[in-house]
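As a plain string of letters, each chain reads:
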Amino acid sequence: MADRVTVIGWDGSPLTAAARSALGAATLVAGAGHHLALPEVPPAAERVRLGSVALAARRIAAHRGTAVVLADGDPGFFGVVRTLRAPEFGLEVEVVPAVSSVAAAFARAGMPWDDAQVVVAHPRTLRRAVNVCRAHTKVAVLTSPGAGPAELGLLLEGVHRTFVICEELGTTRERVAVVTSDKAADHTWRDPNVVIVIGGSPGTADGTGWIAGRDPATGPRGWSLPAEAYGGGLGEGETDLLRAAQLARLGPRPGDLVWDIGCGSGAFATEAARGGAAVIAVDRDLAACARTDATARRFGVQLQIIQGTAPHVLENLPEPDVVRVGGGGAAVVSAVADRRPQRIVAHAATRDEAELVGRDLTEHGFRVECALLQSVGLDTRAWTETERSVAFLLSGELPRREAPR
């Protein structure tokens, strides 16, 4: 095992005295090509080109001497330190950080970033990174080849955002460009780059943040809020207890894309978005779309709202992770099931309707559950019944062999 392992962050500025001292004593140096070309790298040191960090960690673990790993920015922030410290390698590391590429990007843009979401986009995580950009008004995306500004822009079709694209930060080839998301695919971008994605309707803020990212205390406390929170007049499929059960079955979370078909007042769509998921709300009624938009603005969440009739309007929408079918019956459920989301919820007023929907989900390979939900509201002054609600809740889940996207 290496006698000493030091991880040095590099942001283009001169190395600190501590970094120069560690590098000067190194007998093995690992890093990207531009790191290994630094004049401070000892000529006699073994050089390891950093591709797979895990492979480099094995080389370092087998090395007898002093090792240094060079990495861009802060190596402890979505960087190499996590892999190097994995138990299987048994390495103890010292870290000499530099300014992270995210901090540098926001500095170039002259923007604060304590309220930003930060995501990493690889080809395998690109879709989830895009969904975070749909759901939030300020996101920093650490890109990679095949998951860069052009790909982000293409997958954000229909959602207007502004990109601040920072290429090769800290080098003589550094460049910062501002484009709209629909124009990002028209250009060729140099790696590495960081994309700041901004836009949407900002939520209310008092300017005194206390936690990184979106303030979880924004909006009223609680979930499945009563009708009064949405201006009253909710539809039969929007009661607070039914919404609670639907949210519990779907479990929307950051990185997910939720379809809410038959969004009505926007109550369900808004609550899914409050949990951090990206949401596309669909309704054939223009007034329902307008009401959903007003609800989203009041609660400070981002929704993409589409007017149209399902199932036809669903054909060109991006792939969902979970779906609530609030209207349209078995035909819409069948069209949704064809898109293979991880989970689907629907409701029915009668047992015959529930059986029809349940059979269709089963035929599509979903594991189906059905429950009869009944709630009775009581006036606590006289303990008399004020309202009664009955509905069949259906939920379908794909077997685990169909891995989540």
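Okay, so let's go over this structure. (Residues numbered from 1 in each chain as written. Predicted model: local features only at pLDDT ≥ 70, side-chain atom pairs only at ≥ 80, totals over all residues. Heavy atoms only, no water.)

## Some remarks on the nonpolar core
Ranked by size, the top nonpolar core spans 27 residues in total, and within it Trp 259, Ile 261, Leu 314, Val 325 and Val 336 carry the most contacts. Breaking this core down by element, the ones donating at least two residues are β11 (257-261), β12 (278-283), β14 (322-325), α11 (329-337), β15 (343-348), α12 (351-363) and β17 (384-397). Looking at this core, the element that brings in the most residues is α11, giving 4 residues. Discounting residues that sit within four places of it in the chain, Trp 259 has contacts with Ile 280, Leu 314, Leu 317, Pro 318, Pro 320, Val 322, Val 323, Arg 324, Val 336 and Arg 339. Within the second largest apolar cluster, 21 residues are counted, among which are Leu 152, Val 159, Phe 163 and Val 195. (Core = buried A, V, L, I, M, F, W, Y, C linked by side-chain atoms within 4.5 Å. Buried < 20%, exposed > 50% of the residue type's maximum accessible area, 1.4 Å probe, protein only. Helix = DSSP H or I, 4+ residues; strand = E, 2+ residues; numbered from the N terminus. Contact = heavy atoms within 4.5 Å.)

## Remarks on the layout of surface pockets
Within this model, the largest pocket holds a volume of roughly 1400 Å³. Elements represented by at least two residues in the lining of the largest pocket include exactly α2 (33-36), β4 (66-72), α4 (81-84), α5 (101-109), β6 (117-120) and β10 (193-198). Top element by residues in the lining of the largest pocket is α5. It accounts for 4 residues. (1 Å grid on protein atoms, 1.4 Å probe; cavity = no way out; pocket = protein on both sides within 12 Å on 5 of 7 lines; lining within 4 Å. Points joined across faces, edges and corners; volume = space filled by probe spheres on them.)

## Observations concerning unusual backbone geometry
Residue Pro 192 follows Asp 191 across a cis peptide bond; omega there is -5 degrees. Structurally, the position occupied by Pro 192 is in the loop between β9 (175-180) and β10. A cis geometry characterises the amide bond from Ala 310 onward to Pro 311, with omega recorded as 10 degrees. Relative to the helices and strands, Pro 311 is located in the loop between β13 (304-307) and β14. The backbone phi angle of Glu 168 is positive, close to 45 degrees, even though this residue is not glycine. As for its placement among the helices and strands, Glu 168 is situated in the loop between β8 (162-167) and β9.

## Notes on the packing of aromatic side chains
How two aromatic rings sit relative to each other is set out by the distance from centre to centre and by the angle between their planes. The final tally for this structure, using the stated rule, is 4 aromatic pairs. Among the aromatic residues, those joined into a cluster by ring pairs are Phe 77, Phe 78, Phe 106 and Trp 113. Over the ring of Trp 223 we find Arg 274; its NZ or CZ atom is 4.7 Å from the centre of that ring. (Phe/Tyr/Trp six-rings, centres within 6.5 Å; stacked < 30°, edge-to-face > 60°. Lys NZ or Arg CZ within 6 Å of the ring centre and 35° of its normal.)

## Details of the sheet that holds β4
Read from one edge to the other, the open sheet built from 5 strands follows the order β3-β2-β4-β1-β5, with strand pairing classed as parallel. Where the open sheet ends on each side, the last strands, each with one partner, are β3 (46-49) and β5 (93-96). The sheet shows a mean angle of 20 degrees between the axes of neighbouring strands, taken without regard to direction. The sheet contact formed by strand β1 (residues 4-10) and β4 spans 7 bridges and is parallel. Looking at β4, one finds that Trp 10 is bridged to Asp 72. (Pairing = 2+ DSSP bridges. Axes fitted to C-alpha atoms, helices over the stretch in contact; angles between N-to-C directions.)

## Some words on the sheet that holds β12
The 7 strands lie next to each other as β13-β12-β11-β14-β15-β17-β16, forming an open sheet whose pairing is mixed. A strand with exactly one partner marks an edge of an open sheet, and here the two such strands are β13 and β16 (367-379). Taken pair by pair, the neighbouring strands of this sheet meet at an average axis angle of 20 degrees, ignoring direction. Relative to β17, β16 runs antiparallel, the two sharing 13 bridges. By the bridge assignment for β17, Ala 371 is matched with Leu 393. Its contacts with the sheet put helix α9 (residues 267-274) on β11, β12 and β14, and the angle it makes with β12 is roughly 175 degrees. With respect to the sheet, α12 is in contact with β15, β16 and β17, its orientation differing from that of β17 by roughly 20 degrees.

Nothing here speaks to function; it is geometry throughout.
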